[in-house]
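One letter stands for each residue in the lines below.
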Amino acid sequence: MKYEVVVLGGGPAGLAAAIEARKNGIKDILILERGNELGGILQQCIHNGFGLHEFKEELTGPEYAQRFINEIGEKEIEYKLNTMVVDISVDKKIRAINSKDGYMEIEAKAIILAMGCREKTRGAIAIPGDRPSGIFTAGTAQRFINIEGYMVGKKVLILGSGDIGLIMARRMTLEGAKVEAVVELMPYSGGLTRNIVQCLDDYDIPLLLGHTIVDIKGDSRLEKVTVAKVDEDRKPILGTERDYDVDTLLLSVGLIPENDLSRNTGILLDKRTLGPIVNESMETSIEGIFACGNVVHVHDLVDFVSAESRKAGINSAKYIKNEIKRDEKYIEIDGTNGISYTVPQKFRKENLDKNLEIFMRVREVFKDVKIEVRYGEETIMSLKKSHLAPGEMEKIIIPKTLIDKIEIKRIEVRVKR
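Residues numbered from 1 in each chain as written. Predicted model: local features only at pLDDT ≥ 70, side-chain atom pairs only at ≥ 80, totals over all residues. Heavy atoms only, no water.

> An account of helix α8 (residues 302-320) is requested, with residue identities and associated values reported.
Given a rise of 1.5 Å per residue, 19 residues ought to cover 27 Å, and the 27 Å separating the end C-alpha atoms of α8 matches this to within 8%. Within α8, 14 of the 19 residues are buried, which leaves the element mostly enclosed by the surrounding structure. Positive phi shows up at Asn 322, right after α8, with a value of about 60°. (Helix = DSSP H or I, 4+ residues; strand = E, 2+ residues; numbered from the N terminus. Expected span 1.5 Å × (residues − 1). Buried < 20%, exposed > 50% of the residue type's maximum accessible area, 1.4 Å probe, protein only.)

> Give a description of the side chain of Glu 394 that names residues and reports values.
With respect to the helices and strands, Glu 394 occurs in strand β26 (residues 394-398). Polar side-chain contacts of Glu 394 include one of 3.2 Å to the side chain of Lys 385. If near-sequence neighbours (up to four positions away) are discounted, Glu 394 is found in contact with Ile 358, Phe 359, Met 360, Lys 385, His 387 and Leu 388. (Polar contact = N/O pair within 3.5 Å; in protein donor to acceptor, adjacent residues only side chain to side chain. Contact = heavy atoms within 4.5 Å.)

> Help me get a handle on the sheet that holds strand β15 (residues 222-229), residues and values and all.
Taking strand neighbours across the sheet as the criterion, the three strands line up as β14-β15-β16 in an open arrangement whose pairing is antiparallel. Pairing within the sheet leaves two strands with one partner each, and these edge strands are β14 (211-218) and β16 (242-244). Neighbour-to-neighbour, the strand axes of the sheet open up by a mean angle of 25°, direction not taken into account. Across seven bridges, β14 lies against β15 in antiparallel orientation. Following the sheet pairing, Gly 218 is matched in β15 by Leu 222. (Pairing = 2+ DSSP bridges. Axes fitted to C-alpha atoms, helices over the stretch in contact; angles between N-to-C directions.)

> An account of the environment of Leu 352 is requested, with residue identities and associated values reported.
The topology assignment puts Leu 352 in the loop between β22 (346-347) and β23 (356-362). Sequence separation of Leu 352 and Glu 280 is 72 residues, and the distance between their C-alpha atoms is 7.2 Å. Apart from the residues lying within four places of it in its own chain, the contact partners of Leu 352 are Glu 280, Phe 347, Lys 400 and Ile 403.

> Explain the nonpolar core residue by residue, including any values.
Ranked by size, the top nonpolar core spans 63 residues in total, and within it Val 6, Leu 8, Leu 32, Ile 94 and Leu 113 carry the most contacts. What Val 6 contacts, discounting residues up to four positions off in sequence, is Leu 30, Leu 32, Ile 94, Ile 106, Ala 108, Ala 110, Ile 111 and Ile 112. Of all hydrophobic cores here, the second largest spans 25 residues; its members include Ile 333, Leu 356, Val 362 and Ile 403. (Core = buried A, V, L, I, M, F, W, Y, C linked by side-chain atoms within 4.5 Å.)

> Break down a nonpolar patch on the surface for me, citing the residues and quoting the values.
Judged by side-chain polarity, Met 84, Val 86, Ile 97 and Tyr 103 come together as a nonpolar surface patch covering roughly 390 Å² of accessible area. Within the secondary structure layout, Tyr 103 lies in strand β8 (residues 102-113). (Patch = residues over 30% accessible without salt bridge, like charges linked within 9 Å, V, L, I, M, F, W, Y side chains within 5 Å. Areas by Shrake-Rupley, 256 points an atom, 1.4 Å probe, with all protein chains shown as cover. Salt bridge = Lys/Arg side-chain N within 4 Å of Asp/Glu carboxyl O.)

> Requested: an account of the packing of helix α1 (residues 12-23) against α8, with residues and values cited.
Running from N to C, α1 and α8 point in directions that differ by 40°, and their axes come no closer than 7 Å. Of the possible angle classes, the one that applies to α1 and α8 is oblique. Where α1 crosses over α8, the two elements pack in a sense that is right-handed. Of the residues in α8, those touching α1 at Pro 12, Ala 13, Ala 16, Ala 17, Glu 20 and Ala 21 are Val 302, Val 305, Ser 306, Ser 309, Arg 310, Gly 313, Ile 314, Ser 316 and Ala 317. Class assignment of the residues belonging to the contact of α1 with α8 gives a composition of nine nonpolar, four polar and two charged. (Parallel < 35°, antiparallel > 145°, perpendicular 65-115°, else oblique. Left-handed = near helix turned anticlockwise from the far one by under 90°. Nonpolar A, V, L, I, M, F, W, Y, C, P; charged D, E, K, R; others polar.)

Next up, the structure:
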């Protein structure tokens, strides 16, 4: 089988990328999705709050996904469900398998990686104690309740204040469970402020910052979880332990970009984001293989995933039509002084149509600071920020008129107190 563009993943990133490639003149497009439906994680996110940027209205996750699924149908873009991609090669050959077609070898002119991300599990964070039933990742519990119709527990503790955990605190409460607390290791929440207000404050659910779990007790089912305060080195403080009698523990302790395929193909990954290093075209270190969405870096809002993925779709079309300039004079983007990472990590001026968009996260909470963009000793851009937090992704837009002035190989993005 031969296609011009093959998209790996039928979630919000893959759908937006495929649609944009079609809008830019690509006819032979194939989406490979390992699940039994398009839409990805959005199908289990039945709460509202989606689409405010993309559609200027508030939608649930399934409603947001359906807008793109409908467009996939209208544009007659081909897709295969329940299909597992085994591997991809540097010459853009894909090996995949499903029960209908069997083993497939697919040749593509361009590949778009849109595999999303996965949740960290108990094993990834090494929680001590017994191993009873009743311990779930927050996303797994969300699927059980919202799609399978199975209530996972009645007395609940949540570890981690990521957005999924916050949303599940509200969801469990609405379904009649008692959420004792949300426990967070860091001195700040990992979720959006609006979710803290709407999911915890509105339901009087305590948020314990600077705490962690030090023990789990239970035979066949979870019975007790012990929580303790932590010091500045995030080590438990003896004498601060408190027991919670619960039958359910939900883990919302971070998301990891799904990059096993990328790594096996030899695509260079960023140690900070755990996603591919990409340029201004969302192209990876292998020519003709693009990446977008949560496989690159974990986003706060699906609206931002869609916007980023459209860029990958547009540039995959440009690649096929030989419209991407292959000048290797890259300008590196270096995040310093409180910046955790930037995406993209490098860019070429010649391929910027308008402005340069840089997404980033900070390492800690900042109040009343500036984000500065510098090259050499010159500051070319400065933005005042009253509040910055690791749980909220930031975006800056640098006008191309300023980019054109840069004559060196590196710019610096930093927090200025």
